[in-house]
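Each chain is listed here by its residues.
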Amino acid sequence: MARWCYRHRLVVLLLWVGALLGLGFAGSAAGTNYADTFTLPNTDSTRAYDLMEKAFPERSGDTDTVVWKVDDGSVRDDSVRSRIEPALEEIGRMKGVGDVSSPYAAQGATQISENGRIAYAQVTFTEQANGVPKELVQDVVDTSQDAERAGLQVELGGQAITRIQEPPTGIAEMVGIMAAAVVLFLAFGSLFAMLLPLVVAIAALGTGLMATSLLSHVTDVPEVAPLLGSLIGLGVGIDYALFIVTRHRRGILRGMKPEESAVTALNTSGRAVLFAGGTVCIALAGMLVMNMRFLDGVVVATSLTVVLSVLAATTLLPALLGLLGMRVLSRKQRRRLAATGPEPAEASGLAARWSMYVQRRPRSIAAGALVVMVILALPVLSIRLGATDQGNHKDSTTTRQAYDLLAEGFGPGFNGPLQVVVDGGDTDALVSAIRSTEGVAQVAAAPPSQGVTVIQVVPTTSPQSEKTDQLIDRLRDDVIPESGTEAHVGGVTAVFKDFAAVTGDRLPYFVAAIITLGFLLLMVAFRSLVVPLTAALMNLIAAAASFGVLVAIFQWGWGTELLGIGKEGPITAFLPVIMLSLLFGLSMDYQVFLVSRMHEEWVHTKDNARAVRVGLAETSRVINCAALIMICVFSAFVLSGDMEGAMAGIGLAAAVALDAFILRTALVPAAMHLLGNSNWWLPAGMEKRLPHLAVEPREEEVSEPHARVPDADGGSTVIHGFVRTPDGAPVEGAALTLLSKGGRQLDRVTSLADGSYIVSVPSAGSYLLAVTATEHPSRARHVMVGAEPLVYDVELAEDEVDAVN
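In this numbering scheme, every chain counts its residues from 1 along its sequence in written order. Reporting of local features is limited, given that this is a predicted model, to residues whose pLDDT is at least 70; pairs of side-chain atoms are given and counted only at 80 or more, and all residues count toward the totals for whole chains, interfaces and linings. In computing side-chain properties, one takes all heavy atoms of the structure into account and sets aside hydrogens as well as water.

Engineer: Can you help me understand the overall build of the protein in this one?
Structural biologist: For the purposes of this entry, the term helix denotes a DSSP run of H or I that reaches at least four residues, the term strand denotes a run of E that reaches at least two, and both are numbered from the N terminus. Helix and strand content of the protein: 24 helices and 18 strands. Judged by the C-alpha coordinates and their principal axes, the protein covers about 110 × 50 × 45 Å. The buried share of the protein, reckoned over its 805 residues, is 57%. Whether two residues are in contact is decided by their heavy atoms, any of which lying within 4.5 Å being enough. By sequence separation, contacts in the protein at least 24 residues apart represent 77% of the contacts at least 6 residues apart. Only the protein chains shown count as covering a residue, and every accessible area follows the Shrake-Rupley method with a 1.4 Å probe. About 33400 Å² of surface is accessible on the protein, with carbon and sulfur atoms providing 57% of the total. Only protein chains enter the area calculation, which uses a 1.4 Å probe; residues under 20% of their type maximum are buried, those over 50% are exposed, and those in between are partly exposed.

Engineer: I keep staring at the sheet that holds strand β6 (residues 418–423) and nothing clicks. Help me out?
Structural biologist: Note: strands within a sheet are paired through backbone hydrogen bonds, in either parallel or antiparallel orientation. An order of β7-β8-β6-β9 is seen for the four strands of this open sheet, with the pairing classed as antiparallel. Two strands close off the open sheet at either side, each with one partner strand: β7 (440–445) and β9 (487–490). The sheet shows a mean angle of 20° between the axes of neighbouring strands, taken without regard to direction. By the convention used here, strands pair only if DSSP detects at least 2 bridges between them. Both β7 and strand β8 (residues 452–459) contribute to a ladder of five bridges, which runs antiparallel. Think of each axis as a best-fit line through the C-alpha atoms, taken over the contacting stretch in the case of a helix, with angles from 0 to 180 degrees between the N-to-C directions.

Engineer: Whenever I open this one, the packing of helix α21 (residues 575–605) against helix α23 (residues 643–675) confuses me. Can you help?
Structural biologist: The relative placement of two packed helices comes down to the angle between their axes together with the axis-to-axis distance. Viewed as axis vectors pointing N to C, α21 and α23 meet at an angle of 30°, and their least axial separation amounts to 10 Å. Relative to α23, the element α21 is oriented roughly parallel. Taken as a pair, α21 and α23 cross one another with a handedness that is right-handed. Note on terminology: angles under 35 degrees are roughly parallel, angles over 145 are roughly antiparallel, angles of 65 to 115 are roughly perpendicular, and the others are oblique. The crossing is said to be left-handed when, going from far helix to near helix, the turn is anticlockwise and less than a right angle, and right-handed when the turn is clockwise.

Engineer: I would appreciate a short explanation of α21 in the present structure.
Structural biologist: Every α-helical turn comprises 3.6 residues, leaving residues that sit three or four positions apart pointing alike. Take the residue count of a helix, subtract one, and multiply by 1.5 Å to get its expected span. The first and last C-alpha atoms of α21 sit 44 Å apart over 31 residues, in line with the 45 Å expected at 1.5 Å per residue. A large share of α21 lies buried, amounting to 28 of its 31 residues. Note on α21: the residue one or two positions beyond its end, Lys-606, has a positive phi of about 55°.

Engineer: Teacher, can you tell me more about the nonpolar core here?
Structural biologist: In a soluble, globular protein the nonpolar side chains are often hidden away together inside. We define a nonpolar core as any set of buried Ala, Val, Leu, Ile, Met, Phe, Trp, Tyr and Cys residues linked to one another through side-chain atoms lying within 4.5 Å. The biggest cluster of nonpolar side chains holds 163 residues, and the ones touching the most others in it are Met-287, Leu-295, Phe-554, Tyr-590, Ile-629 and Phe-634. Top contributing element to this core by residue count: α23, with 19 residues. Apart from the residues within four sequence positions on either side, Phe-634 is in contact with Leu-231, Leu-586, Gly-649, Ile-650, Leu-652, Ala-653 and Val-656. Of all hydrophobic cores here, the second largest spans 28 residues; its members include Trp-68, Leu-136, Val-154 and Ala-160.

Engineer: Just to check I follow, could you spell out the state of the cysteines for this structure?
Structural biologist: Here, the term disulfide refers to a pair of cysteine sulfur atoms separated by no more than 2.5 Å. Throughout the structure, instances matching the rule amount to zero disulfides. With no disulfide partner, Cys-5 has as its closest neighbouring cysteine sulfur the one in Cys-281, 19 Å distant. Using a relative accessible area of 4% as the deciding quantity, one classes Cys-5 as buried. Residue classification places Cys-281 among the buried positions, given a relative accessible area of 18%.

Engineer: Just checking my understanding: could you explain the packing of aromatic side chains for this structure?
Structural biologist: The geometry of an aromatic ring pair comes down to the distance between the two centres and the angle between the two planes. For Phe, Tyr and Trp, where Trp contributes only its six-membered ring, two rings pair if their centres lie within 6.5 Å, and the inter-plane angle classes them as stacked under 30 degrees, edge-to-face over 60, or tilted in between. For the coordinates displayed, the defined rule picks out eight aromatic pairs. Aromatic side chains Trp-602 and Trp-680 sit 5.7 Å apart centroid to centroid with 15° between the ring planes, which places their arrangement in the stacked category. One end of the pair, Trp-602, is in helix α21; the other, Trp-680, is in the loop between α23 and α24 (684–689), with 78 residues separating them in the sequence. In this pair, the class of Trp-602 matches that of Trp-680, namely buried. One aromatic cluster is present, formed by Tyr-120, Phe-410 and Phe-414 through successive ring pairs. Above the face of the Tyr-6 ring, Arg-9 is positioned so that its terminal group lies 5.5 Å from the ring centre. Definition used: whenever NZ (Lys) or CZ (Arg) falls within 6 Å of the ring centre and also within 35 degrees of the ring normal, the charge is taken to sit over that ring.

Engineer: Help me understand helix α17 (residues 466–483) in this model?
Structural biologist: For α17, spanning 18 residues, the distance from its first C-alpha to its last is 25 Å, which sits close to the expected 26 Å at 1.5 Å a residue. Working definition for bend: take the seven residues up to and ending at a residue and the seven starting at it, fit an axis to each, and measure the angle between the axes. If you look at α17, its biggest bend is around 40°, right at Leu-475. Residues of α17 that are buried include every one of Thr-468, Leu-471, Ile-472, Leu-475, Arg-476, Val-479 and Ile-480, and no others. The term polar contact refers here to a pair of N or O atoms within 3.5 Å; inside protein, the definition further demands a hydrogen-donor-capable atom paired with an acceptor-capable atom, and it admits residues adjacent in sequence only when both atoms are side-chain atoms. A side-chain oxygen of the first residue of α17 lies 3.1 Å from the backbone nitrogen of Lys-467; this N-cap is Ser-465. One or two residues past the end of α17 sits Gly-484, with phi positive at roughly 75°.

Engineer: Please explain a nonpolar patch on the surface as it appears in this structure.
Structural biologist: Each patch is built from salt-bridge-free residues with over 30% relative accessible area, joining like charges within 9 Å and nonpolar side chains (Val, Leu, Ile, Met, Phe, Trp, Tyr) within 5 Å. Salt bridges are identified by distance alone: a Lys or Arg side-chain nitrogen within 4 Å of an Asp or Glu carboxyl oxygen. A contiguous nonpolar patch, built from Val-182, Phe-185, Leu-186, Leu-191, Phe-192, Leu-195 and Val-199 and spanning about 640 Å² of accessible area, is present on the exposed surface. Of all the elements in the fold, those that place two or more residues in the nonpolar patch are α7 (171–188) and α8 (191–215). If you tally residues by element for the nonpolar patch, the top one is α8, at four residues. Relative to the elements of secondary structure, Phe-185 occurs in helix α7.

Engineer: Quick question: what am I supposed to make of a negative patch on the surface here?
Structural biologist: Residues scored as positive are Lys and Arg, those scored as negative are Asp and Glu, and His as well as the terminal groups of each chain are ignored. In this description, the location of a charge corresponds to atom NZ of lysine, CZ of arginine, CG of aspartate or CD of glutamate. On the surface, Glu-90, Glu-135, Asp-139, Asp-142, Asp-146 and Glu-148 cluster together into a patch of negative charge. Top element by residues in the negative patch is helix α5 (residues 134–145). It accounts for three residues. Note on placement: Asp-146 falls in the loop between α5 and β4 (152–157). The exposure class assigned to Asp-146 is exposed, which follows from its relative accessible area of 60%.

Engineer: Is there a simple way to explain the pattern of salt bridges in this structure?
Structural biologist: When their charged atoms lie close together, side chains carrying opposite charge are able to pair. Within this structure, the stated rule accounts for eleven salt bridges. One salt bridge connects Arg-7 with Glu-259, and the closest N-O pair in it is separated by 2.6 Å. Of this pair, Arg-7 sits in helix α1 (residues 2–7) while Glu-259 sits in helix α10 (residues 258–285), and the two are 252 residues apart along the sequence. By relative accessible area, which is 52% here, Arg-7 ends up exposed. Arg-664 is the partner of Asp-659 in a salt bridge, and the nearest nitrogen-oxygen pair spans 2.8 Å. By relative accessible area, Asp-659 is classed as buried at 1%. The class for Arg-664 is buried, based on a relative accessible area of 1%. One connected set of salt bridges, linked through shared partners, spans Arg-3, Arg-7, Glu-259 and Glu-260.

Engineer: Can you help me understand unusual backbone geometry in this one?
Structural biologist: Residues other than glycine predominantly adopt negative phi, and peptide bonds predominantly adopt the trans conformation. Unlike most non-glycine residues, Gln-450 shows phi in positive territory, near 55°. Note that Gln-450 resides in the loop between β7 and β8. Here the phi dihedral of Arg-527 falls at roughly 50°; this positive angle occurs in a residue that is not glycine. Looking at Arg-527, the relative accessible area reads 11%, which means it is buried.

Engineer: Teacher, can you tell me more about the sheet that holds strand β12 (residues 735–739) here?
Structural biologist: Read from one edge of the open sheet, four strands run β13-β12-β15-β16, paired in antiparallel fashion. A strand with exactly one partner marks an edge of an open sheet, and here the two such strands are β13 (745–750) and β16 (776–785). Within this sheet the neighbouring strands show an average axis-to-axis angle of 20°, counted without direction. Summarising the sheet, β12 and strand β15 (residues 765–773) pair through five bridges and their orientation is antiparallel. Within β15, the residue paired with Leu-739 across the bridge is Leu-768.

So, in structure tokens, the structure goes:
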């Protein structure tokens, strides 16, 4: 398929452009229909919601609040009423506004605070918040705030008001893409190579978001789903393309033609991308174990984006590689390749030195990395799940100001009232019992409808307070049963409390499910019990540490002012499930890319120390580069204007940083050095029964077809000859290394006193022979080996350009 896409690149490009434009047009025409269905089956808050929906179907629109405060006097003064009442009347006449309840009406006395300095009006729209036009919301805000004067403050709160405070759509994505572009340019040194992963990720993300908006019309997709889809889609889309482009560039630098290099890259790194994408989707599908309708839409949006990212990396990317040809290298690299020929990409520099250091000191490195992760994980012991609300917004926003004014005038519990829904029966006794309950500030029963009565209960504490949670338990466990009335406690605060309780109960099963699936996949791929067990343990450590960072920032408030993300509060109830799915999938990506190279070397040499050292040296750079890109992309979602998006972004950025820079480059290789050959242990009985799943094929299997001799019997042979200087003097002690076209070392020997050497060749084909000797420039040349031994003499000229270093 890669070869077909490479050769038919214009067709592939047209298909992708057509899909992007077609889905974009359809999505724009149909619009979106996102629905935040925060209900859980068989919970008390859901039963309350169902009863209210049946009894009060007209309460379908979003209700927002206009709050005003006077510095002196009372809100009842004529000077205040003359400014506020006309504004409320004008809002009531706007198309799309269903009702405005004014404190100056006959029934509005309770909407004025006891000291008379704060009052509020409720504006009920005819649509839910996501269906109210932003122009209408802006008109309501402008009309209300036009009534302000010196000594009169007017603020607005509510879900619809929150929507117009959000930054323009795409700001977070654009910042993330720009940061990723800088990292890619520094990594590749080529403008065209930098653009490749970005184009692939944008194509996948664009089609994914448009498809998600269309799916919102046929299934419940929450409003946070496209944001999370953007977050994971940009990260994996850029990373998957990065892995393939890196392999392709390495192939060209080693002398392969662009087409064969692209095919080889897709048949090796492309397979790893398919495997990694599959593990991400499996991890995301694990959210279905939670049996929460709200998460189903998140699974659809994020999985669809990941699938399209993999599809773009395996079809669109080879087509783009075909368009660029040699221009995927920088000009400097192309000039050097033309002047000195192919060069072996033996691991060198900082990556190789670090890998050798880990091999020498595995115990101290493992202990140090483990201590760091444990310290970062400590805050997770105090994690508290709940809901963020407008009280967590920035101080400068009108929603936060309105929230604080209502809390000041009517008590902290006013912003999160509870709704006790009674299905028939006498409510008077229940109202009296609730009024005398500890933690209750106000109680008011609305007139019944269809036998259903709603009792509004205002707690004395804020919606995010643990005491409010205790009040809900007290009402459900003691007050309502003792009254003998059938009633259920609902409201947003109760819904999120139930979310937190259900999440806590089901989270162990969810974690067990995704860890088990990951263990089985890695066991089949790497034919080992210890490697997947190590990966599972590392994933749990990474999750604990990343949630520790999340608690410290968002719950404890460490750095919230610096990041500009508002006030601290509990961790959103559904976030652990989503974050664990994404974290597990991303961690598996890095584990696959790291261990697949180690496994390849182990199969060839059966030397665990060498396998771990070579695998770390050859993959750490690309893993760290990919991680840096993901950190930039995820961190940019602090700018999304959405608290859940900011939490997910910061949490995942921390998780990726810890996973890539501490776990995969320090703790995992150190642990594998300590475990030795037991890393690759698998009982013989299981070896026979397990299916074979190759993450990457053997490189000889993907070499260019014409590099092999058609009539060769495929048996092993040798290359032999002499290493001499231009004047014919033998060179003793020269190191000759035979490399496959993919860069894997096949044999390494040292020339004898007369300069002679013999290297073993596994089969006929094309290889790279690299020669290094002290006081002589290094050189590397391609050699074609047939069925018979090849005689190849090497001349090391004093003035020859060093082709290896």
